[in-house]
Amino acid sequence: MNYISPMITETVKAQIKGTEQRLARLLFKVAVELGKLSHMTAAMNDVNDETLRSLHAMCVNEVRKINGIIDYEDAVEYQQD
């Protein structure tokens with residue numbers, strides 16, 4: 001019993017650490033892609049400070065409302081309204 005318990009604990013810790021590392025790498029890749037999209041969008045559009053602040057507030061509220069689950073189709077529908 002004293003042998004199995006530490007082995008299970010170490011195995012679970014190793015699995016969690018591996019998962020954390022994979023998630024961190026994926027988040028980094030997503031952040032890079034988002035940065036590229038943001039720079040391309042900013043380069044193509046002339047947005048004033050007030051519009052940018054308003055957009056930021058709207059997006060914060062939307063992400064809170066949808067619990068971070070972004071649906072492209074919903075965004076397109078919102079923009080067309």
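To keep things clear, this report deals only with the structure shown in the data block. For clarity, every value in this text was computed on a predicted model and none was experimentally measured.

1. Describing helix α2 (residues 49–66)
Every α-helix winds through 3.6 residues per turn, so residues three or four apart in the chain are directed the same way.
Consideration 1: Under the 1.5 Å per step criterion, the end-to-end length of α2 is 26 Å for 18 residues, consistent within 8% with the ideal 26 Å.
Consideration 2: Near the N-terminus of α2, the side chain that reaches the backbone nitrogen of Glu 50, with its oxygen 3.3 Å away, is that of Asn 48.

2. Focus: a nonpolar patch on the surface
Consideration 1: There is a patch of nonpolar side chains on the surface, built from Tyr 3, Ile 4, Met 7, Ile 8, Val 12 and Ile 16 and spanning about 610 Å² of accessible area.
Consideration 2: With respect to the helices and strands, the residue Ile 4 is situated in helix α1 (residues 4–44).
Consideration 3: Since its relative accessible area comes to 49%, Ile 4 is described here as partly exposed.

3. Digging into the pattern of salt bridges
Consideration 1: Overall, the coordinates contain two salt bridges when judged by the stated rule.
Consideration 2: Across the pair Glu 33 and Lys 36 runs a salt bridge, and its minimum N-O distance is 3.0 Å. On the criterion of helical spacing, the pair formed by Glu 33 and Lys 36 is a turn pair, its members being three residues apart in helix α1.
Consideration 3: Judged by relative accessible area, Lys 36 falls into the partly exposed class, the value being 44%.
Consideration 4: The shortest N-O distance in the salt bridge between Glu 50 and Arg 53 comes to 3.4 Å. Of the two residues, Glu 50 and Arg 53 both sit in helix α2, three residues apart, roughly one turn of that helix. Each member of the pair, Glu 50 together with Arg 53, is exposed.

4. What about a negative patch on the surface?
Consideration 1: A cluster of like negative charges, contributed by Glu 62, Asp 71, Glu 73, Asp 74, Glu 77 and Asp 81, occupies part of the molecular surface.
Consideration 2: Tallying contributions element by element places helix α3 (residues 72–80) first for the negative patch, with three residues.
Consideration 3: Among the secondary structure elements, Asp 81 is positioned in the segment after α3.
Consideration 4: Classification of Asp 81 as exposed rests on a relative accessible area of 75%.

Cut-off values and rules
- Residues numbered from 1 in each chain as written.
- Predicted model: local features only at pLDDT ≥ 70, side-chain atom pairs only at ≥ 80, totals over all residues.
- Heavy atoms only, no water.
- Helix = DSSP H or I, 4+ residues; strand = E, 2+ residues; numbered from the N terminus.
- Expected span 1.5 Å × (residues − 1).
- Polar contact = N/O pair within 3.5 Å; in protein donor to acceptor, adjacent residues only side chain to side chain.
- Patch = residues over 30% accessible without salt bridge, like charges linked within 9 Å, V, L, I, M, F, W, Y side chains within 5 Å.
- Areas by Shrake-Rupley, 256 points an atom, 1.4 Å probe, with all protein chains shown as cover.
- Salt bridge = Lys/Arg side-chain N within 4 Å of Asp/Glu carboxyl O.
- Buried < 20%, exposed > 50% of the residue type's maximum accessible area, 1.4 Å probe, protein only.
- Lys, Arg positive; Asp, Glu negative; His and termini not counted.
- Charge placed at Lys NZ, Arg CZ, Asp CG, Glu CD.

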